[in-house]
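Here is what each chain is made of, one letter per residue.
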Amino acid sequence: RYVLLELIGQGGMAEVFRAVARGTQGFARIIVVKRILPELSFDPRFVRMFIDEAKISALISHPNVVQVFEFGKIGETYFLTMEYIHGRNLAAVMGKLAEIGRTPPVDVVAEVVRQAALGLDHAHGMLGPDGKPTNLVHRDVTPSNIMVGFNGAVKLLDFGIARAAAEAREQQPEGILKGKRAYLAPEQIRGQPLDRRTDVFALGIVM
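Reference entry: report on the structure contained in this document. (Residues numbered from 1 in each chain as written. Predicted model: local features only at pLDDT ≥ 70, side-chain atom pairs only at ≥ 80, totals over all residues. Heavy atoms only, no water.)

Structural notes on the packing of aromatic side chains
Working step 1: One pass over the full model with this rule turns up two aromatic pairs.
Working step 2: Both rings, one in Y2 and one in F79, keep their centres 6.0 Å apart while their planes meet at 70°; by these two values the pair is edge-to-face. Placement of Y2 in strand 1 (residues 2–10) and of F79 in strand 5 (residues 77–83) is noted, with a sequence separation of 77 residues between them.
Working step 3: Relative to Y78, the ring of F71 has its centre 5.9 Å away and its plane inclined at 5°; by these criteria the two rings are stacked.
Working step 4: When its relative accessible area of 35% is taken as the criterion, F71 is described as partly exposed. (Phe/Tyr/Trp six-rings, centres within 6.5 Å; stacked < 30°, edge-to-face > 60°. Helix = DSSP H or I, 4+ residues; strand = E, 2+ residues; numbered from the N terminus. Buried < 20%, exposed > 50% of the residue type's maximum accessible area, 1.4 Å probe, protein only.)

A look at the sheet that holds strand 6 (residues 87–89)
Working step 1: The antiparallel open sheet is built from three strands, whose spatial order is 6-8-9. If you trace the sheet from one side to the other, it starts and ends with strand 6 and strand 9 (154–156), each paired once. With strand direction ignored, the average angle separating the axes of adjacent strands in the sheet is 25°.
Working step 2: As judged from the three bridges shared by strand 6 and strand 8 (residues 146–149), these two strands associate in the antiparallel manner. Note that in strand 8 the partner of G87 across the bridge is G149.
Working step 3: Strands in contact with helix 2 (residues 90–100) are strand 6 and strand 8; relative to strand 6, the strand with the most contacts, it is inclined by about 90°. (Pairing = 2+ DSSP bridges. Axes fitted to C-alpha atoms, helices over the stretch in contact; angles between N-to-C directions. Contact = heavy atoms within 4.5 Å.)

Remarks on the sheet that holds strand 3 (residues 28–36)
Picture the strands of a sheet paired through backbone hydrogen bonds; they go either parallel or antiparallel.
Working step 1: If you trace the five strands from one edge of the open sheet to the other, you get 1-2-3-5-4, paired in antiparallel fashion. Looking at the sheet topology across the chains shown, the edges are occupied by strand 1 and strand 4 (68–74). Along the sheet, successive strands turn relative to each other by an average axial angle of 30°, direction set aside.
Working step 2: Sheet strands touched by helix 1 (residues 44–59): strand 2 (14–22), strand 3, strand 4 and strand 5. Its angle to strand 5, the strand with the most contacts, is close to 25°.

Considerations on the nonpolar core
Working step 1: Of all hydrophobic cores here, the largest spans 21 residues; its most connected members are I60, L136, I146, L156, F159 and L203.
Working step 2: Counting only elements with at least two residues in this core, the list comes to helix 3 (106–124), strand 8, strand 9 and helix 6 (196–206).
Working step 3: In terms of residue count, helix 3 provides more of this core than any other element does, five residues in total.
Working step 4: Apart from the residues lying within four places of it in its own chain, the contact partners of I146 are R88, N89, L90, V112, A116, V141, V154, K155, L156, L203 and V206.
Working step 5: The next biggest cluster of nonpolar side chains, apart from the first, holds 20 residues, and it includes V32, L37, M49 and Y78. (Core = buried A, V, L, I, M, F, W, Y, C linked by side-chain atoms within 4.5 Å.)

Some points on unusual backbone geometry
Note: most peptide bonds trans; most residues except glycine with negative phi.
Working step 1: Of note in the backbone geometry, N135 takes a positive phi value of approximately 55° without being a glycine.
Working step 2: The exposure class assigned to N135 is partly exposed, which follows from its relative accessible area of 44%.

As for helix 2
Working step 1: One side-chain oxygen of the residue at the start of helix 2 lies 3.0 Å from the amide nitrogen of A91, identifying that residue as N89.
Working step 2: Count one or two residues on from helix 2 and you reach G101, which has phi positive near 70°. (Polar contact = N/O pair within 3.5 Å; in protein donor to acceptor, adjacent residues only side chain to side chain.)

Observations regarding the pairing of strand 1
Working step 1: Two strands pair when backbone bridges link them, and strand 1 and strand 2 are joined in this way by seven bridges, in the antiparallel orientation. Directly across from L7, in strand 2, lies its bridge partner F17.
Working step 2: The antiparallel hairpin formed by strand 1 and strand 2 contains three residues in its connecting segment.

Here we look at the pattern of salt bridges
Working step 1: Taken as a whole, this structure holds ten salt bridges when the rule is applied.
Working step 2: K73 is the partner of E76 in a salt bridge, and the nearest nitrogen-oxygen pair spans 3.9 Å.
Working step 3: The exposure class of K73 is partly exposed, given its relative accessible area of 43%.
Working step 4: Across the pair K96 and E99 runs a salt bridge whose closest N-O atoms are separated by 3.4 Å. On the criterion of helical spacing, the pair formed by K96 and E99 is a turn pair, its members being three residues apart in helix 2.
Working step 5: Residue E99 is classed as exposed on the basis of its relative accessible area of 61%. (Salt bridge = Lys/Arg side-chain N within 4 Å of Asp/Glu carboxyl O.)

Here is the structure:
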C-alpha cells in the first residue's frame, strides 16, 4: 500500500522515507515511513526498541506531536507510518539562520517553545490503558526532534528513546546514556531517576 519516494533521514536504528499511501478510486496521501535498518532486523534488542517506540507513539494524540498511523511488518521488516510535516526541523532552521548571520525574532522563539511545551505537557500527563499515569519522559528534546511546519505548526518528533520513567530505571543497563550531551539534564548525566522536569530543562536549552 505504500510507495517509497525518497530517503529523508537515517539514524542508528531506522531509515525514514517520504512515501505515498495509495487506496481505492485514486486516493493518495503523502506520509512518512520509518523502517528498521535491514542489518538490525534480526537483532532482538533493536527490534524490541522499535516495537516499544511504536507502542509509545500510538498512545500519543496531540496537535503538537507527530501522529503515528500504523505499525506493521513486511517479511522480516518492521515499520511505522506517520504524518508528513511540510517544513523543516529546528536544527535545519537554526543552521540556516547561522549561515546568513541572523537571529530569529523573540516572538517566534517564544511561539515555537510554547507549542513544543504543549506537546510535552500532553505526553507527560498521559494515562495508560489501565488508567494509570505512564510517567512518560521524551529524554531527547533537541532541535532535530522539533519540526516547524511552513504553516506555523510545531510538532515533536521521535519518542523512540522515550520510556516510562520507572521502566527506564529498571531496564537501562548501567553506564548507558541516551540522549544528546548538550541537552542533558544533570540527573540524566548522573544516572538518577527522570521525570518531566528533564524534558523541560532540555526545552529551556533549546530556547
